[in-house]
Amino acid sequence: MQESLDSTERSRKNLEQSEQIGIATAQDLLTQREKLEHTEKNLDDIDRTTKMTQRNLNSLKSVFGGFFRNKFSRAPKEESSMAPSKSDSVLGNTVDKLSNVSKAGSSCAGGAVCISGPTLSESSRAVIKGTRWEAMDNEIDSNLDSMSSQLARLRMLGKAIGEEVDSQNEMLDRIQVKAERTNARVKDQDKQMKKLLGSADKEEMKPSLPSVSKKRIVYSAVKSAF
């Protein structure tokens, strides 16, 4: 019986350590989710800013494109904005729930089958009643109950961690698409700006009556637009 007691005690401690590692992993994932959500929010803000910048560039183009071009040219088609992430983390609720269950004591969670009642028969317990073997048997029963509860919590935690990893992978895919789109748009707007400034230089080189430099107008318009 001593060997059985030692075995259940080792198993209980191993499961307890596994649960602590699982909770620490879950907390790291929750911290990572906050960073990813912050990154995606920043990309959404940049997306709105670049759209506003494009409208300002279109207004500047109309200054050099002439009235008819500005009036009858087709407006550029704006890309549809991707919706920001609104997924709530189930993992945080699971960690809180498991912490409360752990503090409450040995209870079955996640549908696991708990060990109910003593492991020995009534006749066997009557034989060892009042001896040190009875105390050892009670401790074995307690360890088995704890192990059953720990296994249930580990199963719940593992399921929640798996769902969280899948959710963050989807978020990473969205972030990559938004980052690539924003990078391409910024490069395109940089080319448009250089083209506008080049047009201003050409207009300034044409002989005309003394007037305000169009290049200066562009710089003033750009400064006011941004």
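Keep in mind it's a predicted model, so treat the numbers as computed, not measured. (Residues numbered from 1 in each chain as written. Predicted model: local features only at pLDDT ≥ 70, side-chain atom pairs only at ≥ 80, totals over all residues. Heavy atoms only, no water.)

**Some thoughts on the overall build of the chain**
Thought 1: The secondary structure content of the chain amounts to six helices and zero strands.
Thought 2: Each helix and strand of the chain, ordered N terminal to C terminal, gives the series α-α-α-α-α-α.
Thought 3: Considering the chain as a whole, with its 226 residues, one finds that 29% of them fall into the buried category.
Thought 4: Once local pairs closer than 6 in sequence are excluded, the contacts in the chain between residues at least 24 apart make up 86%.
Thought 5: Within the structure as shown, the chain displays about 15,200 Å² of accessible surface, and the carbon and sulfur contribution to it stands at 54%. (Helix = DSSP H or I, 4+ residues; strand = E, 2+ residues; numbered from the N terminus. Buried < 20%, exposed > 50% of the residue type's maximum accessible area, 1.4 Å probe, protein only. Contact = heavy atoms within 4.5 Å. Areas by Shrake-Rupley, 256 points an atom, 1.4 Å probe, with all protein chains shown as cover.)

**Topic: the pattern of salt bridges**
Close approach of charged atoms lets side chains of opposite charge pair.
Thought 1: Under the counting rule described, the total for this entry stands at 14 salt bridges.
Thought 2: Of the charged contacts in the structure, one is a salt bridge between D45 and R48, with a shortest N-O distance of 2.2 Å. Note that D45 and R48 are positioned in helix α1 (residues 2-65) at a spacing of three residues, about one turn of the helix.
Thought 3: Here R48 falls in the partly exposed class, since its relative accessible area comes to 49%.
Thought 4: Here D47 and R185 are joined by a salt bridge, their closest N and O atoms 2.9 Å apart. In this pair, D47 is assigned in helix α1 and R185 in helix α5 (residues 132-205), connecting sequence segments 138 residues apart.
Thought 5: In this structure D47 comes out as buried when scored by relative accessible area, which is 1%. (Salt bridge = Lys/Arg side-chain N within 4 Å of Asp/Glu carboxyl O.)

**Notes on the side chain of Q192**
Thought 1: Mapped onto the elements, Q192 comes out in helix α5.
Thought 2: Filtering out sequence-adjacent residues up to four positions away, Q192 remains in contact with Q54, L57 and K61.

**Re the nonpolar core**
Thought 1: If you look at the biggest cluster of nonpolar residues, it comprises 10 residues: I23, A26, L29, L91, V95, L98, M156, L157, A160 and I161.
Thought 2: For this core, the secondary-structure elements that each account for two or more residues are α1, α3 (90-104) and α5.
Thought 3: Element by element, the count of residues in this core is highest for α5, at four residues. (Core = buried A, V, L, I, M, F, W, Y, C linked by side-chain atoms within 4.5 Å.)

**Notes on a negative patch on the surface**
Thought 1: Among the surface-exposed residues, E163, D166, E170 and D173 lie close enough to one another that they form a single negatively charged patch.
Thought 2: By the element assignment, D166 lies in helix α5.
Thought 3: Take D166: its relative accessible area is 48%, and that puts it in the partly exposed class. (Patch = residues over 30% accessible without salt bridge, like charges linked within 9 Å, V, L, I, M, F, W, Y side chains within 5 Å. Lys, Arg positive; Asp, Glu negative; His and termini not counted. Charge placed at Lys NZ, Arg CZ, Asp CG, Glu CD.)

**What about the environment of L151?**
Thought 1: Tracing the backbone through its elements, the reader meets L151 in helix α5.
Thought 2: The class for L151 is partly exposed, based on a relative accessible area of 48%.

**Some thoughts on the environment of S4**
Thought 1: Its location among the elements puts S4 in helix α1.
Thought 2: The class of S4 is partly exposed, set by a relative accessible area of 41%.
Thought 3: Separated by 132 residues in the primary sequence, S4 and M136 have C-alpha atoms spaced 9.2 Å apart.

**Section: the confidence of the model for the chain**
Thought 1: Across the chain, pLDDT averages 75, with 62% of residues at or above 70.
Thought 2: The least confident element of the chain, judged by mean pLDDT, is helix α2 (residues 67-72) at 44; the most confident is α1 at 89.
Thought 3: The model gives residues 79-87 a pLDDT under 50, and that stretch makes 25 contacts with residues more than four places away or in other chains.
Thought 4: Note on residues 109-113: pLDDT is under 50 here. Beyond four places in sequence and across chains, it has 11 contacts. (pLDDT = per-residue confidence, 0-100.)

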